Amino acid sequence: EAGVTQFPSHSVIEKGQTVTLRCDPISGHDNLYWYRRVMGKEIKFLLHFVKESKQDESGMPNNRFLAERTGGTYSTLKVQPAELEDSGVYFCASSQDRGSAEAFFGQGTRLTVV
Amino acid sequence: DAKTTQPTSMDCAEGRAANLPCNHSTISGNEYVYWYRQIHSQGPQYIIHGLKNNETNEMASLIITEDRKSSTLILPHATLRDTAVYYCIVRPIAYNDMRFGAGTRLTVKP
């Protein structure tokens, strides 16, 4: 069974540009999460989808970040326009829809804004 | 949400058991204890979770005290590849997302 897949693995963009990160969850997992780790800091929750609906987006840093999950399958996280402080590793995770289900993480996208 | 307290770092000799403690003194009755680890810059890896009873799987054992205020993750025979940051997370059953703290950096030495 394929795990959580993230594209691209690395991205280097200039300040002010737009970047879109993609996450393909494990097939059948209704829950999809985005996390971010800025260098030297802890892994921080960004938001949580249940199917195509945003269940919790309390961790989204500002309105430059837009997450979508059309059709309840893969998800995209767009940063527009990117700022230097957006650099970090963005992780996606997915889990089944049962109370104690563990979440499985992708390998992350390392974003560098220069 | 209950918060967790873990030592910042620990060392373990290769081949010996690694015992990683976690304090969660304010845990509620509907909250599970989860353990994840992050090896270098890879994505966090699920290890094990439990509610009340001790749990064991192919990776590790989880020992939860009777009052549920603390737990211990046991890696029975640590290898160099177990060097990682280990996260103890307490999560209510009604919520799905994991909230990470600083974790314990475990270094397995030859």
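Relevant structure appears above.
Residues numbered from 1 in each chain as written. Chains lettered and ligands numbered in written order. Predicted model: local features only at pLDDT ≥ 70, side-chain atom pairs only at ≥ 80, totals over all residues. Heavy atoms only, no water.

(A) Molecular detail of the overall build of chain B. The secondary structure content of chain B amounts to 0 helices and 9 strands. Radius of gyration (C-alpha) of chain B: 13 Å, near the 13 Å computed for a compact globule of 110 residues. Judged by the C-alpha coordinates and their principal axes, chain B covers about 40 × 30 × 25 Å. Counting over 110 residues, chain B shows a buried share of 45%. Taking all contacts inside chain B whose residues are at least 6 apart in sequence as the whole, residues at least 24 apart take part in 56%. In the form shown here, chain B has an accessible surface area of approximately 5600 Å², with 48% of it arising from carbon and sulfur atoms. The centroid of the 11 positive side-chain charges in chain B is displaced by 4 Å from the centroid of its 10 negative side-chain charges. (Helix = DSSP H or I, 4+ residues; strand = E, 2+ residues; numbered from the N terminus. Rg over C-alpha atoms; globule rule 2.2 N^0.38 Å. Buried < 20%, exposed > 50% of the residue type's maximum accessible area, 1.4 Å probe, protein only. Contact = heavy atoms within 4.5 Å. Areas by Shrake-Rupley, 256 points an atom, 1.4 Å probe, with all protein chains shown as cover. Lys, Arg positive; Asp, Glu negative; His and termini not counted. Charge placed at Lys NZ, Arg CZ, Asp CG, Glu CD.)

(B) Quick peek at the sheet that holds strand S8 (residues 75-79) of chain A. Residues and elements named next belong to chain A. Taking strand neighbours across the sheet as the criterion, the 4 strands line up as S1-S3-S8-S7 in an open arrangement whose pairing is antiparallel. Because the sheet does not close on itself, it has two edges, and the strands there are strand S1 (5-7) and strand S7 (65-68). In this sheet, neighbouring strand axes are inclined to one another by 15° on average, regardless of whether the strands run parallel or antiparallel. Here S1 runs beside strand S3 (residues 19-24); their pairing, made up of 3 bridges, is antiparallel. Opposite Phe7, over in S3, you have Arg22 as the bridge partner. (Pairing = 2+ DSSP bridges. Axes fitted to C-alpha atoms, helices over the stretch in contact; angles between N-to-C directions.)

(C) Quick peek at the side chain of Arg68 of chain B. In this structure, Arg68 of chain B sits in the loop between strand S6 (61-64) and strand S7 (70-75). Of the side chains with opposite charge, Glu31 of chain B comes closest to the buried, unpaired Arg68 of chain B, at an N-O distance of 6.3 Å. (Salt bridge = Lys/Arg side-chain N within 4 Å of Asp/Glu carboxyl O.)

(D) A look at the pairing of S8 of chain A. Residue and element names in this part refer to chain A. With 4 of its 5 residues buried, S8 lies for the most part within the structure. Pairing analysis gives 5 bridges linking S3 to S8, with the strands arranged antiparallel. Note that in S8 the partner of Cys23 across the bridge is Ser75. Where S7 meets S8, 4 bridges bridge the pair, whose relative direction is antiparallel. In the strand pairing of S8, Phe65 is matched with Val79. Taking the residues that link successive antiparallel strands as the turn, the S7-S8 hairpin has 6 residues, and the phi of Gly71 there is positive, at about 75°.

(E) Main features of the interface of chain A and chain B. Counting from both sides, the interface comprises 23 residues of chain A and, opposite them, 21 residues of chain B. Both sides of the chain A and chain B interface together cover about 1800 Å² of buried area, and 50% of this is carbon and sulfur. Together, Ile43, Ser100 and Phe105 of chain A form the three largest contributors to the area buried by chain A at its contact with chain B, with a combined 26%. Across the contact surface, chain A and chain B share 1 salt bridge. Measuring nitrogen to oxygen at the nearest pair gives 3.2 Å for the salt bridge that ties Arg99 of chain B to Asp56 of chain A. Inspection of the region where chain A meets chain B yields 7 residue pairs in polar contact (both at pLDDT 80 or more). Elements with a minimum of two residues in the side of chain A that touches chain B: strand S4 (31-37), strand S5 (43-50) and strand S9 (88-95) of chain A. A per-element tally of the side of chain A that touches chain B places S4 of chain A first, with 4 residues. Of the residues in the side of chain A that touches chain B, the class split is 8 nonpolar, 9 polar and 6 charged. (Buried area = accessible area lost by both parts, 1.4 Å probe. Polar contact = N/O pair within 3.5 Å; in protein donor to acceptor, adjacent residues only side chain to side chain. Nonpolar A, V, L, I, M, F, W, Y, C, P; charged D, E, K, R; others polar.)

(F) Fine view of the layout of surface pockets. Approximately 560 Å³ is the volume attributed to the largest pocket. Put simply, the parts of the chain that give the lining of the largest pocket at least two residues each are S9 and strand S11 (109-113) of chain A together with strand S8 (84-92) and strand S9 (104-109) of chain B. Here the lining of the largest pocket is composed, by residue class, of 8 nonpolar, 11 polar and 5 charged. (1 Å grid on protein atoms, 1.4 Å probe; cavity = no way out; pocket = protein on both sides within 12 Å on 5 of 7 lines; lining within 4 Å. Points joined across faces, edges and corners; volume = space filled by probe spheres on them.)

(G) Region of the structure containing the environment of Phe105 of chain A. Mapped onto the fold, Phe105 of chain A is located in strand S10 (residues 104-105). For the pair formed by Phe105 of chain A and Gly3 of chain A, sequence separation is 102 residues and the distance between their alpha carbons is 7.9 Å. Not counting chain neighbours up to four residues away, the residues in contact with Phe105 of chain A comprise Val4, Tyr35, Phe91, Cys92 and Ala93 of chain A together with Tyr36, Gly43, Pro44 and Phe100 of chain B.

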